[in-house]
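What follows is each chain in one-letter form.
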Amino acid sequence: MRITTPHQDFTRGIWRENPVLIQMLGLCPALAVTNTVANSIAMGLATFFVLIGSSLLVSLSKRFIPNEVRISTFILIIATFVTIADMSLEAVVPDIHKALGAFIALIVVNCMILGRQEAFASKRPVGRSLLDALGTGVGFIIAMLMMGTVREVLGNGTILGFSVFGSNYEPWVIFILPPGGFFTIGFILLGLNYVQSRRKPKQLVAELTGDGKAGRAA
Amino acid sequence: MTAELLWILVSAMVVNNFTLYYFLGLCPFMGVSGKVETAVRMGAANIFVLTITSISVWILNTYILAAAPYLRLISFIVVIASTVQIVEMAIKKISPALFRALGIYLPLITTNCAILGYALFNTNKGYGFFEGLAFAWGAGLGLTLALVLMASIRESTELIEVPEVVKGNALVFLIAGCLSLAFMGFAGLLSST
């Protein structure tokens, strides 16, 4: 197990090991409900809540969970929090709850959440697990917002219902339909690859000129 | 009756394809679509588990959940997890050859969102026993179809020269987008009936 500082536990999930864009976890919600910014935010917050709640509970009770049935126990804990989130959303924002449909309940099988429990919360102290969950949750919300903004702006010409391009804009409807989800994440990954490929030679130069430390840190 | 069941099957398979329309089961779609052979096996394992899930969900919905709807999610996931476990043990005992063929894919199906998604959609639509079964096979065949299509495209694009930045997941997503676009054409079936 790698030794990490609390600061690393928190920041790791936000960008460098972003659950959706880098680790390819939790793709279903990231593609299915990001057709508007409002839906993305609601889904992001619901997942954030479930992740924090289950990380906290798993980390608190890790001593009482037998190793053989740990996965089932994690899933049960996650399912309980998802039920809470599902019912709260239905009571507070019924419109959005209806738009998200079965995908709220499908947070249970979001591999990102189970992955954090198995890899982190079940082995580390409560404080660290909470930091890790916060970082990963923020990373997930960022990815959801990126997807949601691109898709709503291109597919509908609006952000959160406010017009961006004025009334002359002809909406690019394909982006709020299912294929648009695949195209959006495809192009976001393409952009990330491009940034990565530009950075690599620079790192190499930095290391070769004896400035190895700075190169690795970047 | 038969026509209705056939319609449920076809619409779940191509019109509202689980992977390309609802984005369910994306993990295996990205993970095991490298070779046609593994794609077929994964699809078969999915159809198998979906069939058993459809029967269990029908029993749960008819006899238990009418009295306690708030337990739906928890009981579904428990049933799916234990079904997969039992199926795994049974196959290991009855047919070791099949067990080896399915390999790691069988336990992984527990966290495949297509199965839980199927259970939830089935409940929302209020399907009966046979309708549920038709829906399960439609969904399973649809998953298999998407997986096999994707795998064959990936096999044939493997040696094609693409720019360095497109390689890997970006390319897979762009291909999936085109596939999804093609499958949208099937939506025309809906209005013609």
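Right, let's walk through the structure included here. Small disclaimer: the values here were computed from a predicted structure and weren't measured. (Residues numbered from 1 in each chain as written. Chains lettered and ligands numbered in written order. Predicted model: local features only at pLDDT ≥ 70, side-chain atom pairs only at ≥ 80, totals over all residues. Heavy atoms only, no water.)

Each partner contributes residues to the interface: chain A has 34 residues there, and chain B has 36 residues. Each partner contributes to the roughly 3,000 Å² buried at the junction of chain A and chain B, and carbon and sulfur atoms together form 88% of this total. Between chain A and chain B we count 0 salt bridges in total. At the surface where chain A touches chain B, the tally comes to 1 residue pair in polar contact (both at pLDDT 80 or more). Secondary structure elements with two or more residues in the side of chain A that touches chain B: helix H2 (27–32), helix H4 (70–92), helix H6 (111–121) and helix H8 (178–208) of chain A. By residue number, the principal contributor to the side of chain A that touches chain B is H8 of chain A, which donates 12 residues. When its residues are assigned to classes, the side of chain A that touches chain B shows 29 nonpolar, 5 polar and no charged. (Contact = heavy atoms within 4.5 Å. Buried area = accessible area lost by both parts, 1.4 Å probe. Salt bridge = Lys/Arg side-chain N within 4 Å of Asp/Glu carboxyl O. Polar contact = N/O pair within 3.5 Å; in protein donor to acceptor, adjacent residues only side chain to side chain. Helix = DSSP H or I, 4+ residues; strand = E, 2+ residues; numbered from the N terminus. Nonpolar A, V, L, I, M, F, W, Y, C, P; charged D, E, K, R; others polar.)

The next point concerns unusual backbone geometry. Trans is the common state for peptide bonds, and a negative phi is the common state for residues other than glycine. Residue and element names in this part refer to chain A. Here Met24, not a glycine, exhibits a phi torsion of approximately 60 degrees, which is positive. Looking at where Met24 falls in the secondary structure, it is placed in the loop between helix H1 (6–12) and H2. Of the residues examined, Met24 reaches a relative accessible area of 16% and is grouped as buried. At Leu160, a position not held by glycine, the phi torsion is positive, near 55 degrees. (Buried < 20%, exposed > 50% of the residue type's maximum accessible area, 1.4 Å probe, protein only.)

Quick look at helix H1 (residues 2–15) of chain B now. For H1 of chain B, spanning 14 residues, the distance from its first C-alpha to its last is 19 Å, which sits close to the expected 20 Å at 1.5 Å a residue. Within H1 of chain B, the full set of buried residues consists of Ile8, Leu9, Ser11, Ala12, Val14 and Val15 of chain B. (Expected span 1.5 Å × (residues − 1).)

Take the packing of aromatic side chains next. Taken as a whole and assessed by the stated rule, the structure comprises 16 aromatic pairs over all chains. Considering the side-chain rings of Phe18 of chain B and Tyr22 of chain B, the 6.0 Å spacing of their centres and the 90 degrees angle between planes classify their relative orientation as edge-to-face. Each member of the aromatic cluster is reached from another via a ring pair, and the members are Phe18, Tyr21, Tyr22, Tyr118, Phe121, Tyr127 and Phe135 of chain B. Looking at Arg124 of chain A, its charged tip hangs above the ring of Phe120 of chain A, at a distance of 4.7 Å from the centre. (Phe/Tyr/Trp six-rings, centres within 6.5 Å; stacked < 30°, edge-to-face > 60°. Lys NZ or Arg CZ within 6 Å of the ring centre and 35° of its normal.)

Counted by the stated rule, this structure contains 7 salt bridges over all chains. One salt bridge connects Arg41 of chain B with Glu37 of chain B, and the closest N-O pair in it is separated by 3.1 Å. Of this pair, Arg41 of chain B and Glu37 of chain B both sit in helix H3 (residues 36–63), 4 residues apart, roughly one helical turn. The class for Arg41 of chain B is partly exposed, based on a relative accessible area of 31%. Judged by its relative accessible area of 52%, Glu37 of chain B falls in the exposed class. One continuous salt-bridge network, built from bridges that share partners, spans Asp9, Arg12, Arg116, Arg128 and Asp132 of chain A.

Once that is clear, we can look at the packing of H6 of chain A against helix H7 (residues 126–156) of chain A. The description of two packed helices rests on the angle between their axes and on the distance between the axes. All names here are of chain A. Close contact between H6 and H7 brings their axes to 11 Å; oriented N to C, the two are set at 150 degrees. In terms of their interaxial angle, H6 and H7 are classed as roughly antiparallel. Two packed elements cross with a definite hand, and for H6 against H7 that hand is right-handed. Of H7, the residues touching H6 (which contributes Met112, Arg116, Phe120 and Ala121) are Arg128, Ser129, Asp132, Thr136 and Phe140. Its residues placed into classes, the contact of H6 with H7 shows 4 nonpolar, 2 polar and 3 charged. (Axes fitted to C-alpha atoms, helices over the stretch in contact; angles between N-to-C directions. Parallel < 35°, antiparallel > 145°, perpendicular 65-115°, else oblique. Left-handed = near helix turned anticlockwise from the far one by under 90°.)

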